[in-house]
Amino acid sequence: MRVIVPSELDRKEAELFSQLDPNQFPKHIAIIMDGNGRWAKRRHLPRIAGHKRGVEAVRYVTETAARIGLPALTLYAFSAENFLRRPPGEIKFLMKLLQTYLKKELELMQRNNVRLEFIGRSHMLPPEVQERMAWAKEETARNTGMVLTLALNYGSRSEIVDAVRSMVHAAANNGGLHHLQIDEEAINRHLYTRHLPDLDLVIRTSGELRLSNFLLWQAAYAEIYVTKTLWPDFRGIHLLEAIADFQGRERRYGGLLETNGNNSHSK
Ligand code: IPE
Ligand code: IPE
Ligand code: MG
């Protein structure tokens, strides 16, 4: 198959992209955007300076992901634990940054045909942030390209709790609890991520080897890629490097590899 390199990629990105296997592209990549604080500390700057730079990385990575035709990108912006445990001043700054981001970056999303979604307990965020989120989601609702999902006040365990609650409620309102059917498909349908394809690749920046309560259910058979690069330094080329690494993995899903090297489960 001939590789068509998107013309908007820069030279280094285009070179790496042309080496990728178009038949083995991930459908859904999720990124734990970690290391903003360390980035700032190395420069003797306040932590918030790292968060500010982190937004620029989001811009670059979103654009490259959209240009290469990735169907779904999910970004862990802040966790439920961050929301609870970070100092109020830092949370306040993150809320402001999010509000500005949603307004300023709308043009980039429209230009790249990106549809915005959110996961997490957003009802706990300040009302003005919730309003801006609803606005940005509505403005991009008719875009048909990549789905960009922002995880805000997100925790995987609370997502599973919410899914179980929602299943019980749905059954109670729909003929009674004896109609409650619990299987993996039902749980999938009630998770925040029900709008997304299966997760193929989780990237974590800044070197930590943990999931920090991110997409625990969805990551069951995802490949994990950890880079020492701090989030504010992450660019499109790093995303392509992660995809190249992903394409070198053998996905087994608990089975055995077939002799031709292809796994029957891979799509
Ligand atoms: C990730 O960077 C952004 C958020 C969690 C909001 P950190 O703020 O966790 O940065 P480090 O881990 O302290 O370097
Ligand atoms: C995970 O990073 C959350 C985000 C990157 C948004 P943390 O910095 O909160 O994770 P821990 O505390 O190192 O596990
Ligand atoms: Mg961190």
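Throughout this description, residue numbers start from 1 for each chain and increase along the sequence as written. All chains are assigned letters beginning at A, and all ligands numbers beginning at 1, according to the order in which they are written. Predicted model: local features are reported for residues with pLDDT of at least 70 only, side-chain atom pairs are reported and counted for 80 or more only, and whole-chain, interface and lining totals are derived from all residues. No hydrogens and no water enter the side-chain calculation; it runs on all heavy atoms of the structure.

### Quick look at unusual backbone geometry
Stage number 1. Not every positive phi belongs to a glycine, and histidine 44 is a case in point at roughly 55°.
Stage number 2. Inspection of the secondary structure assignment puts histidine 44 in the loop between helix H2 (36-42) and helix H3 (47-67).
Stage number 3. Relative accessible area decides the class of each residue, using a 1.4 Å probe on protein chains only: under 20% of the type maximum gives buried, over 50% gives exposed, and in between gives partly exposed. By relative accessible area, histidine 44 is classed as exposed at 76%.
Stage number 4. For asparagine 153, which is not a glycine, the phi torsion comes out positive at approximately 50°.
Stage number 5. Judged by its relative accessible area of 3%, asparagine 153 falls in the buried class. Per the convention used, a helix needs a DSSP run of H or I reaching at least four residues, while a strand needs a run of E reaching at least two, with both numbered from the N terminus.

### Here we look at the site of ligand 2
Stage number 1. The criterion for a residue being near a molecule or strand is simple. One of its heavy atoms has to lie within 4 Å of it. Around ligand 2 lies a shell formed by Ile32, Met33, Asp34, Tyr76, Ala77, Phe78, Asn82, Arg86, Arg204, Arg210 and Ser212.
Stage number 2. Side-chain polar atom of arginine 86 to an oxygen atom of ligand 2: 3.5 Å apart, as the coordinates give it.
Stage number 3. For this analysis, a polar contact is any N or O atom pair within 3.5 Å, provided that within protein one partner can donate a hydrogen and the other can accept it, and provided that sequence-adjacent residues contribute only side-chain to side-chain pairs. Here an oxygen atom of ligand 2 and a side-chain polar atom of serine 212 are 2.6 Å apart.
Stage number 4. Reported accessibility uses the Shrake-Rupley method at a 1.4 Å probe radius. Residues are deemed covered only where the shown protein chains occlude them. Across the complex, the protein chains shield 79% of the 390 Å² of accessible surface that ligand 2 would expose by itself.
Stage number 5. For the shell around ligand 2, the leading source of residues is strand S2 (residues 72-79), giving three residues.
Stage number 6. Polarity classes work like this: nonpolar for Ala, Val, Leu, Ile, Met, Phe, Trp, Tyr, Cys and Pro, charged for Asp, Glu, Lys and Arg, and polar for all others, with Gly in that last group. Among the residues forming the shell around ligand 2, the class breakdown is five nonpolar, two polar and four charged.

### Some points on the sheet that holds S2
Stage number 1. Pairing between strands is defined by DSSP: at least two bridges between them are needed. With parallel pairing, six strands are arranged side by side in an open sheet as S3-S4-S2-S1-S5-S6. Two strands lie at the open edges of the sheet, namely strand S3 (115-119) and strand S6 (223-226), each paired on one side alone. Strand-to-strand, the axes of this sheet are offset by a mean angle of 20°, without reference to chain direction.
Stage number 2. Where strand S1 (residues 28-32) and S2 come together, five bridges link them in parallel fashion. For alanine 30, the partnering residue across the bridge sits in S2 and is threonine 74.
Stage number 3. Sitting on the sheet, helix H7 (residues 127-140) is in contact with S3 and strand S4 (147-154), with an inclination near 145° to S3. Geometry is summarised by axes, namely lines fitted to C-alpha atoms with helices restricted to the contacting stretch, and by angles between N-to-C directions that run from 0 to 180 degrees. Contact criterion: two residues are considered in contact whenever any of their non-hydrogen atoms come within 4.5 Å of each other.

### Observations concerning the side chain of glutamate 90
Stage number 1. Tracing the chain through its elements places glutamate 90 in helix H5 (residues 88-104).
Stage number 2. A distance of 2.9 Å separates polar atoms of two side chains, one belonging to glutamate 90 and the other to arginine 86.
Stage number 3. Setting aside anything within four residues of it in sequence, one finds glutamate 90 in contact with Arg47 and His51.

### Section: helix H8 (residues 156-172)
Stage number 1. By this rule, a helix spans an expected 1.5 Å times one less than how many residues it contains. Counted at 1.5 Å a residue, the expected span for H8 with its 17 residues is 24 Å, and the 24 Å between its end C-alpha atoms agrees.
Stage number 2. Those residues of H8 that fall on the buried side of the exposure criterion are Ser156, Ser158, Glu159, Asp162, Ala163, Met167 and Ala171.
Stage number 3. Turning to H8, the residues buried within the fold contact S4 and helix H9 (184-190).

### Details of a negative patch on the surface
Stage number 1. Without a salt bridge and with relative accessible area above 30%, a residue can belong to a patch; like charges are then joined within 9 Å and nonpolar side chains (Val, Leu, Ile, Met, Phe, Trp, Tyr) within 5 Å. Here a salt bridge means any side-chain nitrogen of Lys or Arg lying within 4 Å of a carboxyl oxygen belonging to Asp or Glu. Positive residues here are Lys and Arg, negative ones are Asp and Glu, while His and the chain termini are left out of the count. Charge positions are represented by NZ for Lys, CZ for Arg, CG for Asp and CD for Glu. Where like charges cluster on the molecular surface, the negative patch consists of Asp183, Glu184, Glu185 and Asp198.
Stage number 2. Take aspartate 183: it is sitting in the loop between H8 and H9.
Stage number 3. Judged by its relative accessible area of 36%, aspartate 183 falls in the partly exposed class.

### Quick word on the packing of H5 against H7
Stage number 1. Where H5 meets H7, the closest approach of the two axes is 10 Å, and the angle between their N-to-C directions is 20°. Between H5 and H7, the interaxial angle falls into the category roughly parallel. Relative to H7, the crossing made by H5 is left-handed. Residues Met95, Leu98, Gln99, Thr100, Leu102 and Lys103 of H5 form the contact with H7, whose participating residues are Glu128, Val129, Arg132, Met133, Trp135 and Ala136.
Stage number 2. Class assignment of the residues belonging to the contact of H5 with H7 gives a composition of seven nonpolar, two polar and three charged. Roughly parallel means an angle under 35 degrees; roughly antiparallel means over 145; roughly perpendicular covers 65 to 115; every other angle is labelled oblique. In this scheme the crossing of two helices becomes right-handed for a clockwise turn of the near helix relative to the far one and left-handed for an anticlockwise turn of less than a right angle.

### Overview of the packing of H3 against H5
Stage number 1. In the contact formed by H3 and H5, the axes pass within 11 Å of each other and the chain directions differ by 25°. Between H3 and H5, the angle is such that the two are roughly parallel. At the point where H3 passes H5, the crossing takes the right-handed sense. Where H3 abuts H5, its residues Arg47, Ile48, His51, Lys52, Val55, Val58 and Arg59 lie against Glu90, Phe93, Leu94, Leu97, Tyr101 and Lys104.
Stage number 2. Tallied by class, residues from the contact of H3 with H5 come to seven nonpolar, one polar and five charged.

### What about the pairing of S3?
Stage number 1. Summarising burial for S3: four of the five residues are buried, a large majority.
Stage number 2. Where S3 lies against S4, five bridges are found, and the strand directions are parallel. Bridge pairing in S4 links phenylalanine 118 to leucine 150.
Stage number 3. The handedness of a crossover follows from its direction of travel: if, with the strands pointing away from the viewer, the path from the first strand over the helix to the second runs clockwise, the crossover is right-handed. Taking the sense of rotation as the criterion, the β-α-β connection linking S3, H7 and S4 turns out left-handed.

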